[in-house]
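Examination of the molecular architecture
The chain contents come next:
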Amino acid sequence: MQQLISIIVPVYNEAPSLPDFCSEITKYTHRLPFRFECIFVDDGSSDDSPAMLRNLAQRRHGIRYIQLSRNFGKEAAVSAGLHAASGDAAIILDADLQHPPRLIRQFITKWQHGADVVVGVKHYSANEGWFKRFSSHLFYRMLGMISHTNITPHASDFRLVDRRVMNEFRNLREHNRMTRGLIDWLGFKRDYVEFVAPPRRHGERGYSYRKLINLAMNNFTAYSLVPLKLAGYVGTFILIFAGVLSSTVYIDQIMLHDPLRLKVTGTAMLALMLLFLVGVVLACLGLIALYIAHIHDEVVDRPLYVVRSHDDEATAESETIDQEPVKLEMDR
Ligand code: UDP
Ligand code: MG
């Protein structure tokens, strides 16, 4: 029996791209020695995409269609696809052909060589706007600095995940999600395929800058509490600074009658007091952040650990994975 591979495609107003997309997918999969199922997830499109997809699913074997009730965003659409996939592996692919289907073969080869997650690392084509390139670079730099999860820069959503990863992915219940961030969090053995994203052939990108900024902000807060803790650090710094300054002024002005000739006015004293209080408030905010961190951990309720394979599978496993030992194996 050939292995089944699910191709997951989030679709948002992609009617002009769909015919090209389908022919490319067919072209690059029909000769491969696998069975394929293509799962299109319509993310509340307002154009002809739903009708086209429904038609396609009825006419062609191996095409499945999931329609979301409204536009939930790509992350939710991809999650829906991953939840529905029944393949031994799933490949997530954009409908606008910016993730070239000709690479599917390379992804599968790396998977067969033992990788559980194969990540497409994106290089922008020369005609991508400088702002998009710059903002994406900045985003990854900042996210990398503040988060504990090892997030590969320029790692795109174009990726293949093994059945095991999909099963674990189901256990993650948080709402504020970035699919690739969660897949990175899960760990497992990974490999990379580099690609250049060609410009969009049809239509507009479904992500306005407002949506992108929202997504970026969500990710900063979902993957890290550093922004909140930062208030605490700044507060503590201000508190110490204002404390030292006030004591100096107090000793000099009031106790020793200004031997340093600082001639501090009443307004300046007031400003100092205010500075001190701002320090107190911010430091307390940082303290609250620590509590929120605990609540956050409990509420997102991620599993404490994720098992890649159990002992009973380990022998079969070691035959297929020859380069590296399986790191996440249970040692019981
Ligand atoms: N998409 C989606 N929901 C949205 C926005 C986009 O499902 O709210 C899909 C879109 O149809 C495409 C993929 O996500 O298949 C990538 O979207 P887009 O090309 O707009 O993003 P970019 O390539 O600029 O990251
Ligand atoms: Mg795109």
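Everything below is about the structure shown above.
What comes next concerns the included structure. (Residues numbered from 1 in each chain as written. Chains lettered and ligands numbered in written order. Predicted model: local features only at pLDDT ≥ 70, side-chain atom pairs only at ≥ 80, totals over all residues. Heavy atoms only, no water.)

**Concerning the overall build of the protein chain**
So the rule is basically this: Numbering of helices and strands runs from the N terminus, with a helix taken as a DSSP run of H or I at least four residues long and a strand as a DSSP run of E at least two residues long. Summary of the burial criterion: residues with accessible area below 20% of their type's maximum are buried, those above 50% are exposed, and those between are partly exposed, where the area comes from a 1.4 Å probe applied to protein chains only. Using a 1.4 Å probe, the Shrake-Rupley method yields the accessible areas, and only the shown protein chains count as cover for residues.
Counting secondary structure elements, the protein chain contains eleven helices and seven strands. When the 332 residues of the protein chain are sorted by exposure, 45% land in the buried category. Per element, the accessible surface of the protein chain, about 18,500 Å² overall, is 61% carbon and sulfur.

**Side note on the coordination of the magnesium ion (ligand 2)**
Formally: Any N, O or S atom lying within 2.8 Å of the metal counts as a donor, and for Na, K and Ca the limit rises to 3.2 Å; water is left out, so some sites can look incomplete.
All of the protein donors around the magnesium ion (ligand 2) are Asp-96 (OD) and Gln-98 (OE1); their distances to the metal are 1.9 Å. Considered together, Asp-96 and Gln-98 belong to a single accessibility category, that of buried residues.

**Section: helix α3 (residues 74-84)**
Among the eleven residues of α3, eight are classified as buried, and the element is accordingly described as predominantly covered. Listing the buried residues of α3 in full gives Lys-74, Glu-75, Ala-77, Val-78, Ser-79, Ala-80, Gly-81 and Leu-82.

**A short note on helix α4 (residues 104-112)**
To be explicit about the condition: By arc we mean the arc of the directions from the helix axis to the C-beta atoms, nothing more.
Along α4, the residues that are buried comprise Ile-104, Phe-107, Ile-108 and Trp-111. Burial along α4 is one-sided: seen end-on, the buried residues are contained in an arc of 95 degrees. At the C-terminal side of α4, Gly-114 shows a positive phi close to 115 degrees.

**Points about the pattern of salt bridges**
Applied cut-off: Definition used for salt bridges: Asp or Glu carboxyl oxygen within 4 Å of a side-chain nitrogen of Lys or Arg.
Per the counting criterion, the structure on display carries eight salt bridges. Between Arg-64 and Glu-37 there is a salt bridge, and its shortest N-O distance comes to 2.9 Å. Of this pair, Arg-64 sits in strand β3 (residues 63-67) while Glu-37 sits in strand β2 (residues 35-42), and the two are 27 residues apart along the sequence. Since its relative accessible area comes to 7%, Glu-37 is described here as buried.

**Brief notes about the packing of aromatic side chains**
The description of an aromatic ring pair rests on the distance of the ring centres and on the angle between the ring planes. Rules: Each aromatic pair joins two rings of Phe, Tyr and Trp (for Trp, the six-membered one) with centres within 6.5 Å, and gets the label stacked for planes under 30 degrees apart, edge-to-face for over 60, and tilted for any other angle. Working rule: Lys NZ or Arg CZ, within 6 Å of ring centre, within 35 degrees of ring normal, means a charge sits over the ring.
Applying the stated criterion to the full structure yields six aromatic pairs. Taking the centre distance of 6.4 Å and the plane angle of 50 degrees together, the rings of Phe-34 and Trp-111 count as tilted. A residue pair is termed long-range when its members are at least 10 positions apart, and Phe-34 in the loop between α1 (18-29) and β2 and Trp-111 in helix α4 qualify at 77 residues. This pair shows no difference in class: Phe-34 is buried, exactly as Trp-111 is. Ring geometry for Phe-158 versus Phe-195: centroids 5.3 Å apart, planes at 85 degrees, classification edge-to-face. Taken together, the residues span a long stretch of sequence, with Phe-158 in strand β6 (residues 155-162) and Phe-195 in strand β7 (residues 190-197) at a distance of 37 residues. A residue is classified by how much of its surface remains accessible, and Phe-158, at 0% relative accessible area, is buried. Relative accessible area serves as the criterion here: at 3%, Phe-195 is assigned to the buried category. Each member of the aromatic cluster is reached from another via a ring pair, and the members are Phe-34, Phe-36 and Trp-111. Arg-70 extends its terminal NZ or CZ atom over the ring of Phe-72, reaching a point 3.9 Å from the ring centre.

**Structural notes on a nonpolar patch on the surface**
We apply this condition: Patch construction takes residues with relative accessible area above 30% that form no salt bridge. Like charges are linked within 9 Å, and nonpolar side chains (Val, Leu, Ile, Met, Phe, Trp, Tyr) are linked within 5 Å.
Residues Trp-130, Phe-131, Phe-134, Leu-138, Met-142, Met-145, Tyr-209, Ile-213 and Met-217 make up a contiguous nonpolar surface patch of about 1,000 Å² in total accessible area. For the nonpolar patch, the secondary structure elements donating two or more residues are α5 (130-146) and α8 (209-223). Here Leu-138 shows up in helix α5. For Leu-138, a relative accessible area of 40% translates into the label partly exposed.

**What about the nonpolar core?**
To keep things clear, this is the line we draw: The criterion is simple. A nonpolar core is a set of buried Ala, Val, Leu, Ile, Met, Phe, Trp, Tyr and Cys residues joined through side-chain atoms within 4.5 Å. Contacts: residue pairs with any heavy atoms within 4.5 Å of one another.
Core analysis: the largest hydrophobic core is formed by 34 residues, its most contacted members being Phe-40, Ile-104 and Ile-108. Setting aside residues up to four positions removed in sequence, Ile-104 forms contacts with Ile-7, Ile-25, Thr-29, Leu-32, Phe-36, Ile-91 and Leu-93. With 23 residues, the next largest nonpolar core counts Ile-39, Ile-92, Val-117 and Leu-172 among its residues.

**Some details on the packing of helix α6 (residues 163-170) against helix α7 (residues 179-186)**
Put simply, the rule reads: Fitted lines through C-alpha atoms serve as axes, helices being fitted only where they are in contact, and the angles separating the N-to-C directions of these axes extend from 0 to 180 degrees. When describing relative orientation, an angle under 35 degrees is termed roughly parallel and one over 145 degrees roughly antiparallel, while 65 to 115 degrees is termed roughly perpendicular and anything else oblique. Note that Gly is not counted as nonpolar here; it falls among the polar residues with everything else outside the nonpolar set of Ala, Val, Leu, Ile, Met, Phe, Trp, Tyr, Cys and Pro and the charged set of Asp, Glu, Lys and Arg.
For the pair α6 and α7, the least separation of the axes is 10 Å and the interaxial angle reads 110 degrees. One way to sum up the angle between α6 and α7 is to call them roughly perpendicular. Between α6, through Val-165, Glu-168 and Phe-169, and α7, the contact on the second element is made entirely by Thr-179, Leu-182, Ile-183 and Leu-186. For the contact of α6 with α7, the residue count by class is five nonpolar, one polar and one charged.

**Focus: unusual backbone geometry**
Phi is positive for Asn-13, close to 50 degrees, though the residue is something other than glycine. One can find Asn-13 in the loop between β1 (4-11) and α1. What makes Asn-13 partly exposed here is its relative accessible area of 26%. Backbone geometry at Phe-188 places phi at a positive 70 degrees, although glycine is not the residue there. Mapped onto the elements, Phe-188 comes out in the loop between α7 and β7. Classification of Phe-188 by relative accessible area gives buried; the value is 9%.

**Quick notes on the packing of α3 against α6**
Applied cut-off: In this scheme the handedness of a crossing depends on how the near helix is turned from the far one: anticlockwise by less than a right angle means left-handed, clockwise means right-handed.
The contact between α3 and α6 brings their axes to 9 Å, and the two run at 115 degrees. As for the relative orientation of α3 and α6, their crossing is left-handed in sense. Residues Ser-79, Leu-82 and His-83 of α3 touch α6, and the partners they reach there are Met-166, Phe-169 and Arg-170.

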